[in-house]
Amino acid sequence: MSNNLSHEDIAKRFIEAKVVDFGAMGKFITELGPVLAVSDSGWHGINLGRFNILACMLPPADVTRLVGNLRTAALTASVLEGAAEASLPK
Amino acid sequence: MSIWNEADLEARLCHALDIARKTITYFATTGFTDPESPAHGFGPEKPIAETAMLIYAASASAHRPSVESRVNELARLLIPHARTERVLVDIALHPALAFKFAVPHILLTRLGYADASFDEFLRLCISSQVRNGQDRPPSASLERKWISCLWTGQKPDAGWRVDLLNSVLNWPIDILGGLRDDAYAFTHLFMYSTDFGFQPHRLPRRRATILGVAESLLARYIDAEDYDLAGEVLLAWPLTGAAWSPSAAFGFRVLASVEDQVGILPCGNVNHARLIRLEGHERVRYALGTAYHTAYVMGFLCAAALGPGRVPPTSIAGPQCRNSCLSRLMRYVDDDQGHWHSEFSSLAEREKGSLTSFVLNMAIVQKCRKHDYGAVNEILTLACDYCSASSPICRQAAELLERIASCSVVMRLGTGDGSQVRAK
């Protein structure tokens, strides 16, 4: 498919696609579950373990949850602010 | 147009550097092991390399005393960890990974903290016949070239262009269904190809085209409350010296607002019930181990944004779509997740009008996330009506509907019989 899809091309494609029950397809895909997102091992999967030098990346396991309520999330910062220099581990 | 207060950007960068000092203190020797969630653990090499990159990026603002003192202190803290026996042995045993292990050493050298004997050893190891005996995707290949050029002082050669042409900066990235690894490749390529903003950008396609993709990715990761990737995507504008688009300027506002409300740019991996249960050092270790990385991303972003002419605007200004377009699109936008809605509501009407493309991207992202393809269908129709459907995400959403339609035909879930379907 060309990168330069015109408005007309887009319209044509989804008009033709209307023979499909998108609701049923959506339900079916939802029931299949997020297989790929959860099972993605990817490049970092190969490198987990002792050699974990993947700078600037968070593996998917780290972001399976939403941040959620920001007031609750603020607990993390208060814990870090409360960590006095004098009490740092030897 | 008024721009973001530089003192505020500097304060955010210093906050990230202060987090870095704690991170090195806690994790530079033994890393972080999480007995309840082993996947959250990491070795010491990770925070060491990330901290080295952060202070390298921050060094562009070393003319600011508060930044300079922190960069130098962190460099001195990193030195013993960057050139340990463990690092030397790792390089000796795995010369194909030598440059990865040597990232902290090379960045410290660039910052003025050299070590000639380590250089001598590294020179020996990278001359090994197996130095290229590792399968590297284009982003990893470019990372290696970047750090190698920093070490040797050589200018980028033709190999850079080959990697960039084969990368997701050239090939359209899958905005709707792509993996986080692919998004990281996209964002890291900006870091390496611009040397964290120290060099002019080398891009395989028109910058405007690639930034159009970045805008779509931004919507996806703001919707996902993934501020790590949202922050890294935003780097595309200051690192390439591009003027902040309305979507990018709004994205920065959202991240800054979230950071202000939380005290740190948050990540969704923190189990707050567990955080409350823990005590003392274990509580701090857990908080820091789960939170430091996203805090660093804000540091990278503010470091880049402090570059000359790269400060984001405070107000959102851009071309206006017809009023009715935005109001019709907003009917498709949900508020079940994400922290951008209140920031959007606080905008003036004209600012909202200039974010029509952001809202369009967000509507498509949300409906695809929920597999509500009927709604995606309607959104694309609406976008076509207003001549706003030529963005990367609209094209990819249309293709997605086409594939789902085809899939449905094969699976015989369509409402019509096979004869009603367009023949291939």
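Residues numbered from 1 in each chain as written. Chains lettered and ligands numbered in written order. Predicted model: local features only at pLDDT ≥ 70, side-chain atom pairs only at ≥ 80, totals over all residues.

Section: the overall build of chain A
Assigned secondary structure in chain A consists of five helices and zero strands. For chain A, the proportion of its 90 residues judged to be buried stands at 26%. (Helix = DSSP H or I, 4+ residues; strand = E, 2+ residues; numbered from the N terminus. Buried ≥ 20, exposed ≤ 12 C-beta atoms within 10 Å, placed from the backbone.)

Structural notes on the packing of helix H21 (residues 373-385) of chain B against helix H22 (residues 392-411) of chain B
Residues and elements named next belong to chain B. Running from N to C, H21 and H22 cross one another at 135°; their axes reach a closest spacing of 10 Å. Classed by the angle they form, the pair H21 and H22 counts as oblique. The element H21 and its partner H22 pack so that their crossing is left-handed. Side by side, H21 and H22 meet where Tyr373, Val376, Asn377, Leu380 and Ala383 of the first sit next to Cys394, Ala397, Ala398, Leu401 and Ile404 of the second. Taken together, the residues that form the contact of H21 with H22 break down as nine nonpolar, one polar and no charged. (Axes fitted to C-alpha atoms, helices over the stretch in contact; angles between N-to-C directions. Parallel < 35°, antiparallel > 145°, perpendicular 65-115°, else oblique. Left-handed = near helix turned anticlockwise from the far one by under 90°. Contact = placed C-beta atoms within 7 Å. Nonpolar A, V, L, I, M, F, W, Y, C, P; charged D, E, K, R; others polar.)

Describing the confidence of the model for chain A
Residues and elements named next belong to chain A. Confidence along chain A averages 61 in pLDDT terms, with 34% of residues attaining 70 or more. Considering only residues more than four positions removed or in separate chains, one finds that residues 36-54, a stretch of pLDDT under 50, has 24 contacts. Here residues 84-90 is a poorly scored stretch, pLDDT under 50, and it has three contacts once near neighbours within four places are set aside; other chains count. (pLDDT = per-residue confidence, 0-100.)

Comments concerning the nonpolar core
Residue and element names in this part refer to chain B. If you look at the biggest cluster of nonpolar residues, it comprises 144 residues, and the most contacted ones within it are Ala52, Leu218, Leu234 and Ala397. Here this core gets 16 residues from one element, more than from any other, and that element is helix H16 (residues 280-305). No fewer than three residues from each of domain 1 (6-305) and domain 2 (323-420) sit in this core. Apart from residues no more than four positions distant in its own chain, Leu234 is found in contact with Leu218, Ala248, Gly251, Phe252 and Leu301. (Core = buried A, V, L, I, M, F, W, Y, C linked by C-beta atoms within 7 Å. Domains from an automatic or database assignment.)

Some remarks on the domain arrangement of chain B
Residue and element names in this part refer to chain B. Partitioning chain B into structural domains gives domain 1 (6-305) and domain 2 (323-420). On a C-alpha basis, the centres of domain 1 and domain 2 stand 32 Å from each other. Across the boundary between the two partners, domain 1 contributes 19 residues, which contact 21 residues of domain 2. Of all the secondary-structure elements, those providing two or more residues to the side of domain 1 that touches domain 2 are helix H11 (207-223) and helix H14 (246-262). With eight residues, the single largest contributor to the side of domain 1 that touches domain 2 is H11. Looking at side-chain class alone, the side of domain 1 that touches domain 2 contains ten nonpolar, four polar and five charged residues.

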